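# Remarks on the overall topology
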Amino acid sequence: GLSIDTFAISAEQVAGRSLEDYAKDEAAKLQNVQRVMPADTWEFLRKYLADLRDGQYDDGLYTCFVPNVRHVFPHWASCGWTDAGVLIPYRLWKWYGRTEILDECWDSMERYMGFLERNEKPYRINHADWLAYEHKDTRPGADNRAQDPVYKEVMNAYFRLWMVRLMRDMARATGRLGRAAHYARQDYFLKMAFDLDYLDSDGTIKDYWKGQCSDLY
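The shown structure was predicted, so the numbers you read here are calculated from the model rather than taken from an experiment.

Turning our eyes to something else, we now look at the overall build of the chain. A count of helices and strands for the chain gives 9 helices and 2 strands. Listing every helix and strand of the chain by position from the N terminus yields α-β-α-α-α-β-α-α-α-α-α. Partitioning the contacts of the chain with sequence separation of at least 6, the portion at a separation of at least 24 is 70%. Within the structure as shown, the chain displays about 11,300 Å² of accessible surface, and the carbon and sulfur contribution to it stands at 53%.

Let's shift gears to helix α7 (residues 153-173). An α-helical turn contains 3.6 residues, so any two residues separated by three or four positions project in the same direction. Compared with the 30 Å implied by 1.5 Å per residue over 21 residues, the 31 Å span of α7 between its first and last C-alpha is a close match. In terms of residue burial, α7 counts as a mostly covered element, since 16 of its 21 residues are buried. Once α7 ends, the next one or two residues include Gly-175, with phi positive near 80°.

The next point concerns the packing of aromatic side chains. For the structure shown, the criterion picks out 7 aromatic pairs. Arranged with centres 5.2 Å apart and planes meeting at 35°, the rings of Tyr-158 and Phe-194 form a pair that is tilted. Here Tyr-158 is found in helix α7, whereas its partner Phe-194 is found in helix α8 (residues 177-198), with 36 residues between them in sequence. Residue class for Tyr-158 comes out buried when judged on its relative accessible area of 15%.

Right, let's talk about the confidence of the model for the chain for a bit. As a note on interpretation, predicted positions should not be read in detail where pLDDT is low. For the chain, mean pLDDT is 75; residues scoring 70 or higher make up 60% of the total. Within the chain, the element-level pLDDT minimum falls on helix α1 (residues 11-17), averaging 39, and the maximum on helix α6 (residues 100-118), averaging 96. For the stretch residues 1-20, pLDDT sits under 50, and the model shows 27 contacts to residues farther than four places along the chain or on other chains. Counting interchain partners and residues more than four positions distant, the pLDDT-below-50 stretch residues 146-150 has 6 contacts.

Below, the discussion takes up the environment of Leu-52. Along the chain, the position of Leu-52 falls in helix α4 (residues 42-54). When its relative accessible area of 2% is taken as the criterion, Leu-52 is described as buried. In sequence terms Leu-52 and Thr-82 are 30 residues apart; their C-alpha atoms lie 9.6 Å from each other.

All right, on to the nonpolar core then. By size, the foremost hydrophobic cluster in this structure holds 43 residues, and its most contacted members are Val-86, Met-113 and Met-170. For this core, the elements supplying multiple residues, two or more each, are α4, α5 (84-96), α6, α7 and α8. Here the element with the most residues in this core is α7; it accounts for 11 residues. When near neighbours in sequence (up to four residues on either side) are disregarded, Met-113 contacts Val-86, Arg-160, Met-163, Val-164, Met-167 and Tyr-183.

As a further point, take the environment of Leu-49. Assignment of secondary structure puts Leu-49 in helix α4. Here Leu-49 falls in the buried class, since its relative accessible area comes to 1%. As for Leu-49 and Ala-84, which are separated by 35 residues in sequence, their C-alpha atoms are 8.9 Å apart.

Right, let's get into the packing of α6 against α8. In the contact formed by α6 and α8, the axes pass within 14 Å of each other and the chain directions differ by 30°. The angle between α6 and α8 falls in the class roughly parallel. Crossing of α6 against α8: the hand is left-handed. Residues Trp-106, Glu-110, Met-113 and Glu-117 of α6 lie in contact with α8, whose contacting residues are Arg-179, His-182, Tyr-183 and Gln-186. Residue composition of the contact of α6 with α8, by class: 3 nonpolar, 2 polar and 3 charged.

What counts, and at which threshold
- Residues numbered from 1 in each chain as written.
- Predicted model: local features only at pLDDT ≥ 70, side-chain atom pairs only at ≥ 80, totals over all residues.
- Heavy atoms only, no water.
- Helix = DSSP H or I, 4+ residues; strand = E, 2+ residues; numbered from the N terminus.
- Contact = heavy atoms within 4.5 Å.
- Areas by Shrake-Rupley, 256 points an atom, 1.4 Å probe, with all protein chains shown as cover.
- Expected span 1.5 Å × (residues − 1).
- Buried < 20%, exposed > 50% of the residue type's maximum accessible area, 1.4 Å probe, protein only.
- Phe/Tyr/Trp six-rings, centres within 6.5 Å; stacked < 30°, edge-to-face > 60°.
- pLDDT = per-residue confidence, 0-100.
- Core = buried A, V, L, I, M, F, W, Y, C linked by side-chain atoms within 4.5 Å.
- Axes fitted to C-alpha atoms, helices over the stretch in contact; angles between N-to-C directions.
- Parallel < 35°, antiparallel > 145°, perpendicular 65-115°, else oblique.
- Left-handed = near helix turned anticlockwise from the far one by under 90°.
- Nonpolar A, V, L, I, M, F, W, Y, C, P; charged D, E, K, R; others polar.

Structure representation (C-alpha cells):
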C-alpha cells in the first residue's frame, strides 16, 4: 500500500488546501522512482488523471489545481504544473509498461498540446519563481522585474520542447505514426528556435539567460 509519506501531504497542506493538490506537485513527485515504485500507484494515479481530465478547460488547458476548487489562478498555462496531464501518463507507461493509460489520456493530451501550439508563448504564469530559473537580465535596457513571467523564458522553452518529445514517444508506442511524425517535426523546429534564441556558439546558455535551474538542465 501507500505510506503516508509516499506523496508527502502534510497536515498543514490538507488543512490549508481542503485536500486539493497542485498538478505540478504530482508531476514532480513522480520523478522520485525510489519512493513511488515500491507501491502500486497505478490505480491511484489513474483516478487522479481522470480528475485532471474532468477539470480540463474547453480549449484544452489543464488546471493548476486538481480538483480545481479554488480557481485562484488565471486561465494560463504554467510549465511543469499544467504539463502534469502529459507527464504523468508518460511516467506510468514507462514504469508499468502498459500503454492503455496512454490511450485513455490521448485525446485529452492532444487537446492540451493543441492549446500550447495555438499560443506562441503559452506558459504565462510561473509558480516556481523561488527556484530562480534565470537571474538578472544583463542586456542593455532590460526591465528586471523579478516576478514577471517573461523572465522565465528558458525554463518555459525547455518544457515546451520536452512535452513535444514525450508526445512523440507516446505516439510511437501506441502506433499513432502520423502524430509521431507531427511531434517529430515540432521537435525539430522548436529545438532549432531554442538554439537560436538561448544558446551561445559553444552550446552553453547565453549569459543573460543563465540561472540555477537553467544550468542544471
